[in-house]
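Listed below, chain by chain, are the residues.
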Amino acid sequence: MNDITEPTNAPLKLAAIGDLHVTDGSEKRYRDLFAEISREANILALCGDLTNFGKVSEAEILAEDLQACTIPAVGVLGNHDYECGCQDEVVRILQQAGVTMLDEQAVVVEGIGFAGVKGFIGGFGRNELGAFGETAIKHFVDESRNEARKLENALRTLRTDKAVAVLHYSPVAETVQGEPAEIMPFLGSSRLAAAIDRFDNVVTAVHGHAHRGSYSGATPGGVPVYNCAQFVVQEQFGRPYALLDL
């Protein structure tokens, strides 16, 4: 676990945004937005699908725009960031741009703990897919369990009074409401919520992925969950990023 800033007693605001989907034609699309976020918030969380195809060139364009971000930033990858198989290089480029990429590490920013993973699919509640039957199904469920396990392990390292879970896939069904019912099991997994609810210090969870989902929900344990896909937040607030008090 890293501590990248000194704790502060001042009220903190988290800006969270997902699903930027940067393409080769997105030069300078987000530069002014990152400058605005830096004025409005203390910490930025990037909730995956930062690129459209996971291309190195897309990550480099995003990294250029991130030069306008003057506050600490944390992030996770999304499914789109894996498309080209260059996800390790995408992570390296974004880290060089100043983003602390989560997944295998947790970080403390101004006294707030952050842990995150991409997450995976599998469904919610009693309808969550179980590891039964064909080997392919068992592998599928193992991937979902592994993402939840990584999140739990990262959260366990945090000794802060407050912690935030940063995800791409949703941990709850509430924030994917509005998407076609047929694809809801492919938008997240309750296993992520179970990992979050094991810790009393987690005060909120943010995610992306569900472009037509709903803004807010909660885990079974009562932790607030916010869908920060830019399309959802834009409709809710007239801006593409959420602002949350920590």
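These notes cover the structure that comes with them. (Residues numbered from 1 in each chain as written. Predicted model: local features only at pLDDT ≥ 70, side-chain atom pairs only at ≥ 80, totals over all residues. Heavy atoms only, no water.)

### Observations concerning the pattern of salt bridges
Scanning the entire structure with this criterion turns up 11 salt bridges. Asp-65 is the salt-bridge partner of Arg-31, the closest N and O atoms lying 3.5 Å from each other. Highlighted residues: Arg-31 in helix H1 (residues 31–40) and Asp-65 in helix H2 (residues 56–65), separated in sequence by 34 residues. For Arg-31, a relative accessible area of 28% gives the class partly exposed. The partner of Lys-150 in a salt bridge is Asp-103, with the nearest N and O atoms 3.0 Å apart. One end of the pair, Lys-150, is in helix H4 (residues 135–156); the other, Asp-103, is in the loop between strand S5 (99–101) and strand S6 (106–109), and 47 residues separate them in sequence. For Lys-150, a relative accessible area of 17% puts it in the buried group. Assessed through its relative accessible area of 22%, Asp-103 is described here as partly exposed. (Salt bridge = Lys/Arg side-chain N within 4 Å of Asp/Glu carboxyl O. Helix = DSSP H or I, 4+ residues; strand = E, 2+ residues; numbered from the N terminus. Buried < 20%, exposed > 50% of the residue type's maximum accessible area, 1.4 Å probe, protein only.)

### Overview of helix H6 (residues 230–237)
Looking only at H6, the buried set comprises Gln-230, Val-232 and Val-233. In a view along the axis of H6, the buried residues occupy a sector of 160°, so they form one face of it. Those residues of H6 hidden inside the fold are in contact with strand S2 (13–17), strand S11 (224–227) and strand S12 (242–245). Just downstream of H6 lies Gly-238, where phi reads positive at about 80°. (Arc of directions from axis to C-beta. Contact = heavy atoms within 4.5 Å.)

### Quick word on the environment of Val-206
Inspection of the secondary structure assignment puts Val-206 in strand S9 (residues 202–207). In the structure, Val-206 is positioned 40 residues away from Leu-246 in sequence and 12 Å away in space, judged by C-alpha atoms. Those residues in contact with Val-206, other than ones at most four positions away along the chain, are Ala-16, Ala-45, Cys-47, Ala-165, Val-166, Leu-167, Tyr-226, Cys-228 and Leu-244.

### Some remarks on the layout of surface pockets
Empty space within the largest pocket amounts to approximately 200 Å³. Where the lining of the largest pocket is concerned, the elements lending two or more residues are strand S4 (73–76) and helix H3 (87–96). Tallying contributions element by element places H3 first for the lining of the largest pocket, with 3 residues. Counted by class, the lining of the largest pocket contains 7 nonpolar, 2 polar and 4 charged residues. (1 Å grid on protein atoms, 1.4 Å probe; cavity = no way out; pocket = protein on both sides within 12 Å on 5 of 7 lines; lining within 4 Å. Points joined across faces, edges and corners; volume = space filled by probe spheres on them. Nonpolar A, V, L, I, M, F, W, Y, C, P; charged D, E, K, R; others polar.)

### Examining the packing of H2 against H3
Packed helices, taken two at a time, are described by the angle their axes make and the gap between the axes. Look at H2 against H3: their axes get within 9 Å of each other, and the N-to-C directions meet at 15°. For the element pair H2 / H3, the angle class is roughly parallel. In this structure, H2 crosses over H3, and the sense of that crossing is right-handed. Contact residues: Val-56, Ala-59, Glu-60, Leu-62 and Ala-63 in H2; Glu-89, Val-90, Ile-93 and Leu-94 in H3. Among the residues making up the contact of H2 with H3, the classes are represented as 7 nonpolar, no polar and 2 charged. (Axes fitted to C-alpha atoms, helices over the stretch in contact; angles between N-to-C directions. Parallel < 35°, antiparallel > 145°, perpendicular 65-115°, else oblique. Left-handed = near helix turned anticlockwise from the far one by under 90°.)

### Quick notes on unusual backbone geometry
Phi at Lys-28 is positive, roughly 65°, even though this residue is not glycine. Relative to the helices and strands, Lys-28 is located in the loop between S2 and H1. Classification of Lys-28 as exposed rests on a relative accessible area of 59%. Even without glycine at this site, His-209 takes up a positive phi of about 80°. As for its position among the elements, His-209 is in the loop between S9 and strand S10 (216–218).

### What about the nonpolar core?
With 27 residues, the main nonpolar core has Leu-20, Phe-34, Ile-37, Leu-44 and Leu-46 as its most contacted residues. Among the elements of the structure, S2, H1, strand S3 (43–47), H2, H3 and S5 are those that each provide at least two residues to this core. Considering each element in turn, this core owes the most residues, 4 residues, to H2. Those residues in contact with Leu-46 that sit more than four places away from it in its chain are Ile-17, Leu-20, Phe-34, Leu-66, Val-74, Gly-75, Val-76, Val-99 and Val-166. (Core = buried A, V, L, I, M, F, W, Y, C linked by side-chain atoms within 4.5 Å.)

### Brief notes about the packing of aromatic side chains
What the rule picks out here adds up to 5 aromatic pairs. For the pair Phe-120 and Phe-140, a centre-to-centre distance of 5.5 Å together with 55° between the ring planes defines the contact as tilted. Of the two residues, Phe-120 sits in the loop between strand S7 (112–117) and H4 while Phe-140 sits in helix H4, which places them 20 residues apart along the sequence. Residue classification places Phe-120 among the buried positions, given a relative accessible area of 18%. Both rings, one in Tyr-215 and one in Phe-237, keep their centres 5.1 Å apart while their planes meet at 85°; by these two values the pair is edge-to-face. One end of the pair, Tyr-215, is in the loop between S9 and S10; the other, Phe-237, is in helix H6, with 22 residues separating them in the sequence. Here Tyr-215 falls in the buried class, since its relative accessible area comes to 10%. For Phe-237, a relative accessible area of 37% puts it in the partly exposed group. (Phe/Tyr/Trp six-rings, centres within 6.5 Å; stacked < 30°, edge-to-face > 60°.)

Geometric values such as these leave the question of function open.
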